[in-house]
Amino acid sequence: PTPVNIIQERTIGPSLGKDSIKLGQRAMVLGMSLVMIFMIVYYKGAGLLAAFAMLLNLIIVMAILVLLGASLTLPGIAGLILTIGMAVDANVIVFERIREELRLGKSPMSAIYSGYERALITILDANVTTLIAAFVLAWIGSGPIRGFAITLSAGILCSMFTAIFVTKTIFTFIGQMKSIKKVSI
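Residues numbered from 1 in each chain as written. Predicted model: local features only at pLDDT ≥ 70, side-chain atom pairs only at ≥ 80, totals over all residues. Heavy atoms only, no water.

## Section: the overall build of the protein
Line of reasoning, step 1. Tallying secondary structure elements over the protein gives four helices and zero strands in all.
Line of reasoning, step 2. Of the regular secondary structure in the protein, the N- to C-terminal order runs α-α-α-α.
Line of reasoning, step 3. The dimensions of the protein, computed from C-alpha atoms along their principal axes, are 65 × 40 × 30 Å.
Line of reasoning, step 4. Burial analysis of the protein (185 residues in total) assigns 38% to the buried set. (Helix = DSSP H or I, 4+ residues; strand = E, 2+ residues; numbered from the N terminus. Buried < 20%, exposed > 50% of the residue type's maximum accessible area, 1.4 Å probe, protein only.)

Here it is as structure tokens:
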């Protein structure tokens, strides 16, 4: 048994908490904007698709939080920021797999299908392990920790949906509308 000593204690007033939430929201918007710009510059047309998927992801997560009656706290904003990172990670994995398939000489549509198929297990593995950690945090934690875990869980589930299903559906739709000769990736 080790004694627990309180070393520091702080009280935050409502105005400081409000300022922190405002700064957190600003950081999220700035971070997401910079990530979108990077994705568009680096992955071109596919990056534009990834930016759309990230926006859709954020909208769906916010809708889920509204349905749950959750209020957006600073830990919740941190969960959303982490969700944006996870969404980008999934898109990067898919796009790099598609690039590998194109380097192997596959046709654009074949590379897209193979890229998504090969990336799926990696994306699932990364997201499921994070979900397990989030579920443990939600189960054991309370208050802000539970809010972070719930926001993160909703974000990861939506991220997998948008990164795997939505982007693949759009790629497939465009490919079926016209014969793709080159993938902008």
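## Quick notes on the nonpolar core
Line of reasoning, step 1. Judged by nonpolar contacts, the single largest core of 42 residues is most densely connected at F95, I98, I123 and F171.
Line of reasoning, step 2. Those elements that place two or more of their residues in this core are helix 1 (14-68), helix 2 (74-103), helix 3 (108-140) and helix 4 (144-177).
Line of reasoning, step 3. Ranked by residues supplied to this core, first place goes to helix 1 with 13 residues.
Line of reasoning, step 4. Once residues lying within four places of it in the same chain are set aside, the contact partners of I123 are A90, I93, V94, M160 and I164. (Core = buried A, V, L, I, M, F, W, Y, C linked by side-chain atoms within 4.5 Å. Contact = heavy atoms within 4.5 Å.)

## Here we look at the confidence of the model for the protein
Line of reasoning, step 1. For the protein, per-residue confidence averages 87 on the pLDDT scale, and 97% of positions sit at 70 or higher.
Line of reasoning, step 2. Predicted confidence in the protein is weakest over helix 1, with a mean pLDDT of 88, and strongest over helix 3, with 92. (pLDDT = per-residue confidence, 0-100.)

## Focus on the side chain of S159
Line of reasoning, step 1. Inspection of the secondary structure puts S159 in helix 4.
Line of reasoning, step 2. Apart from residues lying up to four places away in sequence, S159 is in contact with N57, M86, A87 and I164.

## Details of the pattern of salt bridges
Line of reasoning, step 1. Here the structure, examined in full by the defined rule, presents five salt bridges.
Line of reasoning, step 2. Taking the shortest distance from any N to any O, the salt bridge between R118 and E100 comes out at 3.3 Å. Here R118, found in helix 3, pairs with E100, found in helix 2; they are 18 residues apart in sequence, far enough to count as distant.
Line of reasoning, step 3. Taking the relative accessible area as the measure of exposure, E100 reaches 32% and is therefore partly exposed.
Line of reasoning, step 4. With a closest N to O distance of 2.6 Å, R118 and E101 form a salt bridge. (Salt bridge = Lys/Arg side-chain N within 4 Å of Asp/Glu carboxyl O.)

## Focus: helix 2
Line of reasoning, step 1. With 30 residues, helix 2 should cover 44 Å at 1.5 Å per step; its first-to-last C-alpha distance of 44 Å lies within 8% of that length.
Line of reasoning, step 2. In the stretch just after helix 2, G105 is the one whose phi turns positive, near 95°. (Expected span 1.5 Å × (residues − 1).)

## Some points on the packing of helix 3 against helix 4
Between two packed helices, both the angle of their axes relative to each other and the distance between the axes serve to describe the pair.
Line of reasoning, step 1. Interaxial distance between helix 3 and helix 4 falls to 8 Å at its minimum, and their mutual angle equals 170°. Classified by the interaxial angle, the pair formed by helix 3 and helix 4 is roughly antiparallel.
Line of reasoning, step 2. Of the residues assigned to the contact of helix 3 with helix 4, the class counts are 23 nonpolar, seven polar and two charged. (Axes fitted to C-alpha atoms, helices over the stretch in contact; angles between N-to-C directions. Parallel < 35°, antiparallel > 145°, perpendicular 65-115°, else oblique. Nonpolar A, V, L, I, M, F, W, Y, C, P; charged D, E, K, R; others polar.)

## Focus: a nonpolar patch on the surface
Line of reasoning, step 1. A contiguous nonpolar patch, built from L120, L124, V128, I132, V136, W139 and I140 and spanning about 690 Å² of accessible area, is present on the exposed surface.
Line of reasoning, step 2. Looking at where V136 falls in the secondary structure, it is placed in helix 3. (Patch = residues over 30% accessible without salt bridge, like charges linked within 9 Å, V, L, I, M, F, W, Y side chains within 5 Å. Areas by Shrake-Rupley, 256 points an atom, 1.4 Å probe, with all protein chains shown as cover.)

## Some remarks on the packing of aromatic side chains
Line of reasoning, step 1. This model, assessed by the stated rule, comprises six aromatic pairs.
Line of reasoning, step 2. On the numbers, 5.5 Å between centres and 10° between planes, the contact of F38 with Y42 is stacked. With F38 and Y42 both in helix 1 and four residues apart, the pair spans about one turn of that helix.
Line of reasoning, step 3. Where Y116 meets F171, the ring centres are 6.2 Å apart and the plane angle is 70°; that geometry is what we call edge-to-face. Taken together, the residues span a long stretch of sequence, with Y116 in helix 3 and F171 in helix 4 at a distance of 55 residues. Residues Y116 and F171 agree in their burial class; the two are buried.
Line of reasoning, step 4. An aromatic cluster of at least three residues, connected via ring pairs, comprises F38, Y42, Y43, F95, Y116 and F171. (Phe/Tyr/Trp six-rings, centres within 6.5 Å; stacked < 30°, edge-to-face > 60°.)

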